[in-house]
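# Results of the structural survey
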Amino acid sequence: MTHAVAPPTASRSTLVITAHAGDFVWRGGGAIALAASRGEKITVACLTFGERGESAKAWREGRKLEEIKAIRQGGAERAAATLGAEVRFFDAGDYPLLATAELTDRFVAVHRETQPDVVLTHPTEDPYNGDHPASNRMALEARILAQAVGYPGGGDIIGAPPVFCFEPHQPEMSGFRPEVLLDITEVWETKRAAMECLGARQHLWDYYTDLAVRRGVQLRRNAGPNLGLAHRTMAEAYMRPFPQIAKELA
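Starting afresh in each chain, residues are numbered from 1 along the sequence in its written order. Reporting of local features is limited, given that this is a predicted model, to residues whose pLDDT is at least 70; pairs of side-chain atoms are given and counted only at 80 or more, and all residues count toward the totals for whole chains, interfaces and linings. With hydrogens and water set aside, each side-chain value is computed from the structure's full complement of heavy atoms.

### A few points about the packing of aromatic side chains
Here is the rule we go by: Pairing of aromatic rings covers Phe, Tyr and Trp, the last counted by its six-membered ring, and requires centre-to-centre distances within 6.5 Å; plane angles under 30 degrees mean stacked, over 60 mean edge-to-face, and any other angle means tilted. The buried label applies to any residue whose accessible area, calculated with a 1.4 Å probe on protein chains only, is under 20% of its type's maximum; exposed applies above 50%, and partly exposed to all values in between.
For the structure shown, the criterion picks out five aromatic pairs. Both rings, one in Tyr-207 and one in Tyr-208, keep their centres 4.9 Å apart while their planes meet at 75°; by these two values the pair is edge-to-face. Note on Tyr-208: relative accessible area 3%, which makes it buried.

Right under this line is the structure:
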């Protein structure tokens, strides 16, 4: 199921930065689908295909590296199309994911090109997968460098877009606090359809469905009893590494 994309009403842009070619679906697929339903532009930057660390089934089947990359790329492209996003692959190599000067330049360039109003990425901690905090460090560094007038490269400098860190697979072990609960009920079926594009990770379909239900319960509990929320509310959780800017408390 592909969620209908509304005609653009504003030039808002969301940049999603993930370590592997599937992370954006499990963790931020609802936010992406919501933005797409409002006619916004979403660019997903996948640093790696997850070819070494997240493709155990393919390796056991005797597949070769380039074949595994192609499988991962195909699934991510189908999922991104379902959500309404453009996906780009940096092919930086996973397990481990290492920063390089060239990768930094490419990352700064994509920030300046897309001029994001919002950035989604991994949180700073994940003791089970070093590629996730590595991509967080690269994302935050590129966001800062892309603001610097003197940093070489083309494109206009960016502002300071707010950053939202999506929920890791094991939040309790990763210092994650659900500071923002996003209601994704209206696009849940779209997110689920995108998850089902990733057949190599089928064991995660029900896990992230159950997680959306739990976060939905917490959203209802924190929203108050009289807001007319759907009985079965689905939600995603996010952290914010930088202060929220506001003119009033709300």
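### Brief notes about unusual backbone geometry
Quick reminder of the rule: Numbering of helices and strands runs from the N terminus; a helix is a DSSP stretch of H or I covering at least four residues, while a strand is a stretch of E covering at least two.
Here the bond from Tyr-95 into Pro-96 is cis, since omega is 5°, no more than 30 degrees from zero. Assignment of secondary structure puts Pro-96 in the loop between β3 (86–89) and α4 (101–114). Unusually for a residue other than glycine, Asp-91 sits at a positive phi of about 50°. Residue position: Asp-91 is located in the loop between β3 and α4. At Gln-115, a position not held by glycine, the phi torsion is positive, near 50°. Summarising the element assignment, Gln-115 is placed in the loop between α4 and β4 (118–121). Residue Gln-115 is classed as partly exposed on the basis of its relative accessible area of 33%.

### Section: the pattern of salt bridges
Here the idea is simple: oppositely charged side chains can pair when their charged atoms come close. Threshold: Salt bridges are identified by distance alone: a Lys or Arg side-chain nitrogen within 4 Å of an Asp or Glu carboxyl oxygen.
In the structure shown here, the tally under the stated rule is 16 salt bridges. Taking the shortest distance from any N to any O, the salt bridge between Arg-63 and Glu-61 comes out at 2.9 Å. When its relative accessible area of 30% is taken as the criterion, Arg-63 is described as partly exposed. The closest approach of N and O atoms between Glu-66 and Lys-69, which form a salt bridge, is 3.7 Å. One end of the pair, Glu-66, and the other, Lys-69, are both in helix α3 (residues 65–83), three residues apart, so they sit about a helical turn from each other. According to the relative accessible area criterion, Lys-69 is buried, its value standing at 12%.

### A look at the side chain of Glu-54
Filter applied, for reference: Pairing of N or O atoms within 3.5 Å defines a polar contact, subject to two protein rules: one partner must be a possible hydrogen donor and the other a possible acceptor, and residues neighboring in sequence count only if both atoms are side-chain atoms. Contacts: residue pairs with any heavy atoms within 4.5 Å of one another.
Along the chain, Glu-54 falls in the loop between β2 (41–46) and α2 (56–60). Judged by relative accessible area, which is 10%, Glu-54 ranks as buried. Among the polar contacts listed, one links the side chain of Glu-54 to the side chain of Arg-72, at a separation of 3.2 Å. Residue contacts for Glu-54: discarding those within four places in its chain leaves His-20, Asp-23, Arg-72, Asp-94, Asn-129, His-132 and Arg-201.

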